[in-house]
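# Secondary and tertiary structure notes
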Amino acid sequence: VQLQASGGGVVQAGGSLRLSCAASGRTFNSYNMGWFRQAPGKEREFAAAITWSGGTTYYADAVKGRFTISRDNAKSTVYLQMNSLKPEDTAVYYCAADRNIKTIDTWNYWGKGTLVTVSS
């Protein structure tokens, strides 16, 4: 699976962004999808995940209630809607694919990251 994330940018605190991750290659709808992020000087951390069917979602406590993960299997794309952004959300965001959902960054497939910068 090849993954390409997009949609990052600069936004003021309280604003919104929507990230997209387009997949190609093997059957997209057989993979669970996740979003991780890595802030400057910190380790990469789990943000959100969604099952292959889209029926179940998972969120880190830091983003719960503000971020929404979704997917469109017909378009082989997963999204991360980010609302009420905070400066501490500033990070490079990565999408990932795997047969299993994990909150550690050992997923099988990764896209190149997209930078989100939240100004105060």
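So, about the overall build of the protein. The secondary structure content of the protein amounts to zero helices and eleven strands. For 120 residues, the compact-globule estimate of 2.2 N^0.38 gives 14 Å, and the C-alpha radius of gyration of the protein, at 13 Å, lies within 12% of that figure. Along the first, second and third principal axes, the C-alpha atoms of the protein reach 40 × 25 × 25 Å. Evaluated residue by residue, the protein yields a buried proportion of 42% over its 120 residues. Carbon and sulfur atoms make up 46% of the accessible area of the protein, which totals about 6,100 Å². Counting 13 positive and 8 negative side-chain charges, the protein places the centres of these two groups 7 Å from one another.

Right, let's talk about the side chain of Thr51 for a bit. With respect to the element layout, Thr51 can be found in the loop between β5 (45-50) and β6 (57-59). For Thr51, a relative accessible area of 13% corresponds to the buried category.

With that out of the way, let us pick up the pattern of salt bridges. According to the stated counting rule, one finds six salt bridges in the structure shown. With a shortest N-O distance of 3.0 Å, Asp98 and Lys102 are connected by a salt bridge. Given the relative accessible area of 2%, Asp98 is considered buried. Overlapping salt bridges bring together Arg37, Glu45, Arg66 and Asp89 as one network.

Our next topic: the state of the cysteines. Within this structure, the stated rule accounts for one disulfide. Between the sulfur atoms of Cys21 and its disulfide partner Cys95 the distance amounts to 2.1 Å. Sign of the S-S torsion, about 60° for the bond between Cys21 and Cys95, identifies this disulfide as right-handed. With a gap of 74 residues between them, Cys21 in strand β3 (residues 17-24) and Cys95 in strand β9 (residues 91-98) connect regions that are remote in the sequence. Under the relative-accessibility criterion, Cys21 is labelled buried at 0%.

Calculation criteria
Residues numbered from 1 in each chain as written. Predicted model: local features only at pLDDT ≥ 70, side-chain atom pairs only at ≥ 80, totals over all residues. Heavy atoms only, no water. Helix = DSSP H or I, 4+ residues; strand = E, 2+ residues; numbered from the N terminus. Rg over C-alpha atoms; globule rule 2.2 N^0.38 Å. Buried < 20%, exposed > 50% of the residue type's maximum accessible area, 1.4 Å probe, protein only. Areas by Shrake-Rupley, 256 points an atom, 1.4 Å probe, with all protein chains shown as cover. Lys, Arg positive; Asp, Glu negative; His and termini not counted. Charge placed at Lys NZ, Arg CZ, Asp CG, Glu CD. Salt bridge = Lys/Arg side-chain N within 4 Å of Asp/Glu carboxyl O. Disulfide = S-S within 2.5 Å.

From the geometry alone we can't say anything about function, so treat these as descriptive.
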